[in-house]
Amino acid sequence: MSISHAPPGSPAPDIPETSPQDAVEPTIPAPAPDLEPIVPTSSRRTRVPRWLRRTTGPVLLLALWQLLSSTGVLTADVLASPGRIAQVAGDLVADGSLTSAMTTSLQRVAGGLLLGTLIGTGLALVSGLFRVGEDIVDAPVQMLRTVPFVGLIPLFIIWFGIGEAPKIAIITLGVTFPLYLNVYAGIRGVDAQLIEAGESLGLSRWGLVRHVILPGALPGALTGLRYSLGIAWLALVFAEQVNADSGIGFLMVQARDFLRTDVIVVCLIVYAFLGLLADFVVRSLERLLLQWRPTFTGR
């Protein structure tokens, strides 16, 4: 290591003098910028309660209906006013006829839905899990599915008589096929890579069915159940208008004979209310059983 020396007689180099304050100068951090939270576009809209938005349409429809009835555009023999319908509904509830009819109709739907769910789900499991089952079951089911179940009412009356059996059979037939199609599609729609992953983890055949196939098919099964409930109420309308002596359909037949549009509308509203209540139950089951599946809920 060499050290350079200034020649003799040359002036010494100027060394700047530094004070202790200049030697260590603290750095002051720059102030952090103000951050504004990012608000989603959907949250920037006016916060109107959802129940209020959902009731706006029916309320406007009722207001228009009442206006047309009050101005005489809709006469009573064509369609009764909402006020008249509310009065008739109160009278039917007071004398117990509407409550008794609802109980009878609910029992018929419950019986047909239970049988249709068991038959449709069982056939879908046999056809979806086994190739041999598909070869045996799927073709006859697809053939019967194309036959309108309403056209089988005369045949059911011949087979089962005019009691409760043909009515429940009609509802069962209407429920079976939509549930079969959706459960079958749900089983066959399970990702094959999930099956391979389960096999690589050592799951048995029953373990694959229990932990992979059935959970994967559950969304389709619940969708089929919702659709089957709608078909069940539609089948009930036809079933209760054929040789029925009780139920909501029986009230509608009587009202038709006496040209009572108010009673007919009351029965239709009851059908719609019961169908909406059943759909709410199934949607609650979806939220409970499908918590593991995040989905888009709209904006």
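Structure: above.
A few points on the structure. (Residues numbered from 1 in each chain as written. Predicted model: local features only at pLDDT ≥ 70, side-chain atom pairs only at ≥ 80, totals over all residues. Heavy atoms only, no water.)

Some details on the overall build of the chain
When its secondary structure is counted, the chain shows 11 helices and zero strands. Across the chain, helices and strands are ordered from the amino to the carboxyl terminus as α-α-α-α-α-α-α-α-α-α-α. Evaluated residue by residue, the chain yields a buried proportion of 30% over its 299 residues. If you take every contact in the chain between residues at least 6 apart in sequence, the share linking residues at least 24 apart comes to 72%. Approximately 20300 Å² of the chain is accessible, and the part contributed by carbon and sulfur atoms is 66%. (Helix = DSSP H or I, 4+ residues; strand = E, 2+ residues; numbered from the N terminus. Buried < 20%, exposed > 50% of the residue type's maximum accessible area, 1.4 Å probe, protein only. Contact = heavy atoms within 4.5 Å. Areas by Shrake-Rupley, 256 points an atom, 1.4 Å probe, with all protein chains shown as cover.)

Here we look at helix H10 (residues 248-257)
In an α-helix, one turn spans 3.6 residues, which is why side chains three or four residues apart end up on the same side. For H10, the complete set of buried residues consists of Ile248, Gly249, Leu251, Met252, Val253 and Ala255. On its buried face, H10 sits against helix H4 (97-129) and helix H11 (261-289). Just downstream of H10 lies Leu259, where phi reads positive at about 55°.

Let's talk about the packing of H4 against helix H9 (residues 205-239)
Two elements in contact, H4 and H9, have axes whose closest approach is 10 Å; the angle formed by their N-to-C orientations is 145°. Viewed along their axes, H4 and H9 form a crossing whose handedness is right-handed. Here H4 contributes Ser105, Leu106, Arg108, Val109, Leu113, Thr117, Leu125 and Leu129 to the contact with H9, which in turn contributes Arg205, Val209, Ile213, Leu214, Leu225, Leu229, Ala232, Trp233 and Leu236. Of the residues contributing to the contact of H4 with H9, the split by class is 13 nonpolar, two polar and two charged. (Axes fitted to C-alpha atoms, helices over the stretch in contact; angles between N-to-C directions. Left-handed = near helix turned anticlockwise from the far one by under 90°. Nonpolar A, V, L, I, M, F, W, Y, C, P; charged D, E, K, R; others polar.)

With respect to the pattern of salt bridges
This structure, assessed with the given rule, holds eight salt bridges. Arg108 is the salt-bridge partner of Glu164, the closest N and O atoms lying 2.8 Å from each other. Within this pair, whereas Glu164 is found in helix H7 (residues 164-188), its partner Arg108 is found in helix H4, the two being separated by 56 residues in sequence. For Glu164, a relative accessible area of 36% puts it in the partly exposed group. Here Glu240 ties to Arg108 by a salt bridge, and the two come within 2.9 Å at their closest N and O atoms. Of the two residues, Glu240 sits in the loop between H9 and H10 while Arg108 sits in helix H4, which places them 132 residues apart along the sequence. Comparing Glu240 with Arg108 shows no difference in burial state: the two are buried. Overlapping salt bridges bring together Arg84, Arg260 and Asp262 as one network. (Salt bridge = Lys/Arg side-chain N within 4 Å of Asp/Glu carboxyl O.)

Some points on helix H2 (residues 50-70)
Spanning 21 residues, H2 covers 31 Å between terminal C-alpha atoms, matching the ideal 30 Å at 1.5 Å per step. By the largest-angle criterion, Thr56 marks the main kink of H2, which is about 35°, and a proline, Pro58, follows within four residues. Looking one or two residues beyond H2, the residue adopting positive phi is Gly72, at roughly 90°. (Expected span 1.5 Å × (residues − 1). Bend = angle between axes of the 7 residues up to and from the residue.)

Description of the nonpolar core
Ranked by internal contacts, the top residues of the largest apolar core, which has 54 residues, are Ile170, Ile171, Trp233 and Ile248. Elements that contribute at least two residues to this core include exactly helix H3 (82-94), H4, helix H5 (131-145), helix H6 (153-160), H7, H9, H10 and H11. The greatest single-element share of this core, amounting to 14 residues, is contributed by H9. (Core = buried A, V, L, I, M, F, W, Y, C linked by side-chain atoms within 4.5 Å.)

Regarding a positive patch on the surface
A contiguous patch of positive charge, built from Arg50, Arg53, Arg54, Arg283 and Arg287, is present on the exposed surface. Broken down by secondary-structure element, the contributors of at least two residues to the positive patch are H2 and H11. Turning to its location among the elements, Arg53 is positioned in helix H2. Here Arg53 falls in the partly exposed class, since its relative accessible area comes to 48%. (Patch = residues over 30% accessible without salt bridge, like charges linked within 9 Å, V, L, I, M, F, W, Y side chains within 5 Å. Lys, Arg positive; Asp, Glu negative; His and termini not counted. Charge placed at Lys NZ, Arg CZ, Asp CG, Glu CD.)

Points about the packing of helix H8 (residues 192-200) against H9
Here H8 crosses H9 at 145°, and the two axes come no closer than 10 Å. Like other packed secondary-structure pairs, H8 and H9 cross with a definite hand, here right-handed. Here Leu194, Ile195, Gly198 and Glu199 of H8 lie close against H9, whose contacting residues are Leu208, Val212 and Ile213. Of the residues assigned to the contact of H8 with H9, the class counts are five nonpolar, one polar and one charged.

Some words on unusual backbone geometry
One non-glycine residue, Leu259, lies in the positive phi region at around 55°. Along the polypeptide, Leu259 turns up in the loop between H10 and H11. When its relative accessible area of 72% is taken as the criterion, Leu259 is described as exposed.

A word on a nonpolar patch on the surface
On the surface, Phe273, Leu277, Phe280, Val281, Leu285, Leu288 and Leu289 cluster together to form a nonpolar patch covering roughly 660 Å² of accessible area. With respect to the secondary-structure elements, Leu289 resides in helix H11. For Leu289, a relative accessible area of 39% corresponds to the partly exposed category.

Thoughts on the environment of Leu114
Inspection of the secondary structure puts Leu114 in helix H4. For Leu114, a relative accessible area of 53% puts it in the exposed group.

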